[in-house]
Amino acid sequence: MKVQSRTNVNDTSWITGCDYLAQLKRIVATTERTIIVWDYKAQGSSQDHYFVIKPMDHCLLCVCVVTLPDQLCRDEILLGDDGGFVNRFTVNSDDFGLKQAKTKKKVQSQILDSKNFKSTKRKLHNDWVMKIRYIPALNCFGSCSLDSVHSLVLESLKRLEDNLPVREFAMPRGANTFCYCLKANVIVTGGDDKILRLWHPNISTKPVGKLVGHMFSITEIVTNEKDQHVISLSSAKVFRVWDIQTLSLLQVFHDSQGGPGDMQIYSMVYDAMHGMLITGSSVMDMYPLTRMVQDTKQIPHTHEREINVMLYNKSFRQVLTICSESIIKVWELDTGLQIYHILDPHGFGVELTCADIDENGVLFATGASNGTVKIWDFISGQEIKVLLEGKDWKEEDHWLQRLIFLKGHEKQKYLILALESNKTIKMIQGKEEDISLTVLWELPDVIPYLQLSSHTVHLKTKDMNDTIPFHAVELIAQKSFSQNVRSPAISTEVNCIDLLEAEGFNLIVAGTLNGMIILWNFTTSSVKDVYRPEDCFNTDPDLDPKRYRINDILFLFRTPECARKLSQDSICSSTQCDSSKGPQSSKGSKQSIHESEVKGEQTDNVSEQQAASKKHLAATTIVEAQPPLLVTANEDGHLRLWTMEGKLLKDMLPFTKHSAISLTSLYTDSCNKILLAGNMEGHVILCSIGAFLDPPHDEKKFKQLLSWRAHSLEIVQVAYVEDKQVVVTASVDGSVRLWHAVNGHYCGYFGQRRALDLTMSMDFILPCDVTECPIEIKEESKFTEKKQKYEYPLVFDRERWKNMSSMSLLFRRAPPKAFEVEHDFKYFKSLSSPKIHRCALEGFMTENREAGIVFGSLPIYRVPSPTSLRFLPLIGSESQKETGEVKKKGHVQTDKVTRKRSLKKTLVPQINLAASFFPIMNK
């Protein structure tokens with residue numbers, strides 16, 4: 001920054017550059033012919049005390065300080081001048097006479113001879129040296145000049161002491177400024193040719209990238225290391241923010257303040273701690289740069305096509321995504337960096353439709369539209385097993401909809417349950433020594449038997465290896481049914497499945513397109529319909545047969561380990577609650593979404609708390625697993641929870657900003673504390689179900705906590721990261737986004753240019769395609785009652801009062817009642833609702849000078865049905881009629897007497913009534 005300074009009483013000069021001496025704790029500045037060293041920490045009159053080093057051979061234009069780690073109480077100063085020389089000065093504490101006599105303290109400045117300092121210089125440019133900087137990461141300095149041949153020199157300090165060749169970067173019309181980005185390891189230069197060039201430090205022949213967009217000469221460049229941004233400034237005071245990784249323009253703004261004398265900005269620096277851009281001209285300006293998670297105004301994109309699969313690997317804390325273009329990508333959750341990707345895993349043009357990760361996270365399986373299945377190593381992405389396409393297969397029949405890994409034993413770890421589009425459920429096995437996968441069995445079609453026979457069909461287990469948890473089954477001899485037993489308007493195909501392998505439970509549940517829930521129980525060798533919507537079998541044209549369609553289904557089962565852990569947590573929470581004096585608000589504690597669940601279990605009665613704690617203490621020793629429950633995501637937008645016997649426990653329509661929207665996906669954590677659901681409009685519904693799963697299943701314990709819009713299009717899958725309390729959503733818009741489960745705040749998306757930050761932030765940020773804020777569901781108090789508010793109170797009607805009298809009861813045809821005779825409620829019967837004119841009144845006269853200033857400016861309105869004179873707009877209706885008739889006849893009254901009579905008849909009641917309304921004005 002160029003500031004006019006007085007080096008002595010008779011001479012003035014411009015400061016051309018300044019820097020900080022880290023070892024000497026002073027400021028060094030350069031003028032045209034001198035070097036100034038100033039003690040900025042001095043107090044009082046000593047602030048004017050500084051040292052001047054002169055003379056200099058050339059006009060100094062720039063300065064920088066080199067702080068070497070092995071030097072104490074000594075700094076190196078690099079200077080650039082108008083002769084193309086780079087000068088090196090060595091200064092230490094002894095050179096400035098820190099141990100001065102007391103008599104010398106009164107001297108404001110001291111002049112030191114430059115020949116007494118250790119210095120070297122070398123001519124590196126044929127024109128002015130515009131900028132000089134030291135780069136510690138490269139252990140070298142850089143100087144730029146307007147010289148087109150020697151535009152930028154990048155070398156070590158030792159080259160100033162010899163004449164050996166140096167690294168030179170040439171560019172047309174030279175360089176005005178440059179900067180170095182450590183993370184990208186590039187040097188950015190800018191000059192009068194209006195082009196930003198990116199150079200590798202070791203490649204001086206050709207730049208690695210160019211940034212074009214400035215219309216004027218580039219004067220300053222700074223870098224934002226954290227966000228990998230370059231901020232450039234032109235001579236027209238136009239700022240441009242660029243992305244180093246993608247070489248794209250992110251932001252453009254300009255400085256429109258200041259007069260003609262403030263047209264030039266001399267210096268610029270970026271404050272990384274506060275995200276502030278600071279510029280210096282005749283004033284100091286600070287520009288807070290907006291933090292944009294999506295980096296650009298474009299919609300976040302993880303894949304170029306819609307997302308088909310999104311899975312979270314808990315073991316490796318990684319996320320697997322697959323798009324309809326059949327590209328597999330694996331991402332690091334904490335940083336958002338892509339680890340690897342696989343192109344066309346099932347062959348060129350074959351779309352991947354489903355996938356699953358095994359329990360240990362070591363393997364993952366993929367299924368395609370042609371029915372092929374492959375098993376991969378998750379760490380390396382190498383193919384392990386494959387199920388080849390059959391010769392007679394048709395693509396539409398064997399389209400895979402769902403894959404689920406089975407636990408199996410050590411010898412049978414390649415076991416997969418697959419659901420095809422032709423409602424066939426298969427078990428696929430892979431042997432250790434064989435690369436190919438084989439189909440062990442297919443479940444028979446049991447829907448016709450369940451529809452027209454009994455609700456339960458018994459199965460016969462085939463003899464197979466005991467190591468397989470799900471044996472092949474066949475139907476016990478049943479009646480044969482024709483193929484047209486189903487209504488053609490209602491489809492009964494299986495749409496989704498889920499699997500439960502636990503102690504005493506080997507279950508497969510299937511949800512159909514018509515809303516039927518089918519449960520395969522391999523422990524009891526039976527299959528039954530848990531739920532059968534009777535309305536779906538009616539041929540009513542007014543009812544949509546797809547309204548009960550099940551889009552996703554899940555088992556809700558809490559293992560004994562999870563139940564024991566939750567009981568211990570509830571004991572701790574109850575003891576803390578006893579020690580606290582008052583209840584805590586759920587809104588105040590935002591640290592965990594599970595806290596509200598624990599607090600919801602606590603009762604207000606102390607005796608109930610003690611009884612509950614005793615039960616939990618007993619449960620810690622012996623915890624029995626409760627029967628599993630079922631939850632379905634339906635086409636009509638409802639969340640429904642069922643028992644294994646088909647009893648509906650909870651039917652909830654999630655609250656969102658819009659009406660009922662079809663639910664598409666479900667997800668629950670390992671201990672079934674929360675339930676996540678995504679819908680067709682891109683909303684995420686977060687519910688607390690931990691207390692609901694504990695018997696008795698009170699529907700009031702099922703609580704919706706949050707609802708927010710994560711995407712503008714349909715959500716394909718949702719996932720929940722328990723330790724980070726982060727929700728991951730995937731949509732058909734091609735993006736996979738991350739959200740805080742506590743408040744629904746946006747974290748970022750996979751594929752963004754900066755690393756993900758999953759820590760809780762106070763800044764509320766939304767993607768550019770979402771404008772709706774998260775909705776927190778607050779529980780209403782049971783004591784609140786809706787009070788009726790009367791919008792129009794009753795008023796006294798004078799016309800009713802005139803028509804009613806005590807004698808009127810005697811002239812009725814029917815004899816009056818004793819209650820009416822004894823109690824004359826004439827006043828109360830005269831009350832009625834006020835007459836409200838639905839149409840605006842038409843103005844007749846606007847003013848009257850004879851009535852005076854105040855009352856003459858009151859307008860007169862025409863009322864269709866004249867009533868009494870108790871309302872101001874009704875006054876003078878007779879005169880309005882008369883004057884209206886005159887207007888209709890086309891006559892013009894010219895007689896002054898007639899006019900005065902008409903006005904007097906009209907205005908006298910109006911003036912009297914208005915005077916009663918304005919007593920002060922009447923006086």
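Residues numbered from 1 in each chain as written. Predicted model: local features only at pLDDT ≥ 70, side-chain atom pairs only at ≥ 80, totals over all residues. Heavy atoms only, no water.

**Structural notes on the overall build of the protein**
Each helix and strand in the protein was counted, giving 12 helices and 61 strands. Split into buried and exposed, the 923 residues of the protein put 47% on the buried side. Looking at the protein alone, contacts between residues at least 24 apart form 51% of all its contacts between residues at least 6 apart. For the protein, the computed accessible surface area is about 49900 Å², with 53% contributed by carbon and sulfur atoms. (Helix = DSSP H or I, 4+ residues; strand = E, 2+ residues; numbered from the N terminus. Buried < 20%, exposed > 50% of the residue type's maximum accessible area, 1.4 Å probe, protein only. Contact = heavy atoms within 4.5 Å. Areas by Shrake-Rupley, 256 points an atom, 1.4 Å probe, with all protein chains shown as cover.)

**Focus: the sheet that holds strand β43 (residues 517-521)**
Judged by pairing direction, the sheet is antiparallel, and its six strands sit side by side in the order β40-β39-β44-β43-β42-β41 without closing on themselves. The two strands at the open ends of the sheet, each matched to only one other strand, are β40 (473-475) and β41 (494-502). Sheet twist, expressed as the average angle between the axes of neighbouring strands with direction ignored, equals 30 degrees. Pairing analysis gives eight bridges linking β41 to strand β42 (residues 505-512), with the strands arranged antiparallel. Residue pairing across strands places L499 opposite I508, the latter belonging to β42. (Pairing = 2+ DSSP bridges. Axes fitted to C-alpha atoms, helices over the stretch in contact; angles between N-to-C directions.)

**Considering the state of the cysteines**
As enumerated under the stated definition, the model contains one disulfide in all. Residue pairing for C562: its cysteine sulfur links by disulfide to C671, the two sulfurs lying 2.4 Å apart. Note on the C562 and C671 pair: the S-S dihedral is about -70 degrees, so by sign convention the disulfide is left-handed. With a gap of 109 residues between them, C562 in helix α2 (residues 560-579) and C671 in the loop between β49 (663-668) and β50 (674-679) connect regions that are remote in the sequence. Here C671 falls in the buried class, since its relative accessible area comes to 8%. (Disulfide = S-S within 2.5 Å.)

**Observations concerning the sheet that holds strand β56 (residues 746-749)**
With respect to topology, four strands assemble into an open sheet ordered β53-β54-β55-β56, the strand pairing being antiparallel. The open sheet is flanked by β53 (715-721) and β56, the only strands paired with a single partner. Neighbouring strand axes in the sheet, compared pairwise and without regard to direction, differ in orientation by 20 degrees on average. Pairing of strand β55 (residues 736-740) with β56 involves three bridges; the strand directions are antiparallel. Bridge assignment links W739 to a residue of β56, and that residue is Y746.

**Remarks on the packing of aromatic side chains**
Counting across every chain of the model gives 17 aromatic pairs. With a centroid separation of 5.7 Å and 85 degrees between ring planes, the pair formed by F692 and F702 is classed as edge-to-face. Of this pair, F692 sits in helix α5 (residues 690-693) while F702 sits in the loop between α5 and β52 (703-709), and the two are 10 residues apart along the sequence. This pair shows no difference in class: F692 is buried, exactly as F702 is. Geometrically, the ring pair formed by W708 and W739 is tilted, given 6.3 Å between the ring centres and 45 degrees between the ring planes. Residue W708 is found in strand β52, and its partner W739 is found in strand β55; the two are separated by 31 residues along the sequence. A connected cluster of aromatic rings, assembled from ring pairs, spans F316, F364, W376 and F378. Over the ring of F85 we find K123, and its NZ or CZ is 5.2 Å from the ring centre. When the ring centre of F178 is taken as reference, the NZ or CZ atom of R133 above it lies at 5.9 Å. (Phe/Tyr/Trp six-rings, centres within 6.5 Å; stacked < 30°, edge-to-face > 60°. Lys NZ or Arg CZ within 6 Å of the ring centre and 35° of its normal.)

**Structural notes on the nonpolar core**
Core analysis: the biggest nonpolar cluster contains 35 residues, and L333, L676, W708, V727, V728, L738 and F750 have the highest contact counts within it. Elements that contribute at least two residues to this core include exactly β27 (307-313), β50, β51 (683-688), β52, β53, β54 (726-731), β55 and β56. Broken down by element, the residue count for this core peaks at five residues, all from β53. Those residues within four positions of L676 in sequence are excluded, and the remaining contacts are S665, L666, Y667, V684, I685, L686, V718, A719, Y720 and V727. (Core = buried A, V, L, I, M, F, W, Y, C linked by side-chain atoms within 4.5 Å.)

**Concerning unusual backbone geometry**
Cis geometry is found at the peptide bond from K54 to P55, where omega equals 5 degrees. With respect to the secondary-structure elements, P55 resides in the loop between β6 (50-54) and β7 (60-66). Cis geometry is adopted by the peptide bond preceding P696, which originates at P695 and carries an omega value of -5 degrees. Along the chain, P696 falls in the loop between α5 and β52. The backbone phi angle of Q228 is positive, close to 60 degrees, even though this residue is not glycine. Of note, Q228 is situated in the loop between β20 (218-224) and β21 (229-234).

**What to know about the pattern of salt bridges**
Throughout the structure, instances matching the rule amount to 22 salt bridges. Two residues, R88 and E76, come together in a salt bridge whose shortest N-O distance is 3.0 Å. Taken together, the residues R88 in strand β9 (residues 85-92) and E76 in strand β8 (residues 74-81) connect sequence positions 12 residues apart. Across the pair, E76 and R88 agree in class, each one buried. (Salt bridge = Lys/Arg side-chain N within 4 Å of Asp/Glu carboxyl O.)

**Notes on the pairing of β20**
Taking burial as the measure, the seven residues of β20 include six buried ones, the bulk of the element. As judged from the six bridges shared by β20 and β21, these two strands associate in the antiparallel manner. Bridging from a neighbouring strand, I218 pairs with S234 of β21. Remark: four residues form the turn of the hairpin made by β20 and β21, two consecutive strands paired antiparallel; Q228 in that turn has positive phi of roughly 60 degrees.

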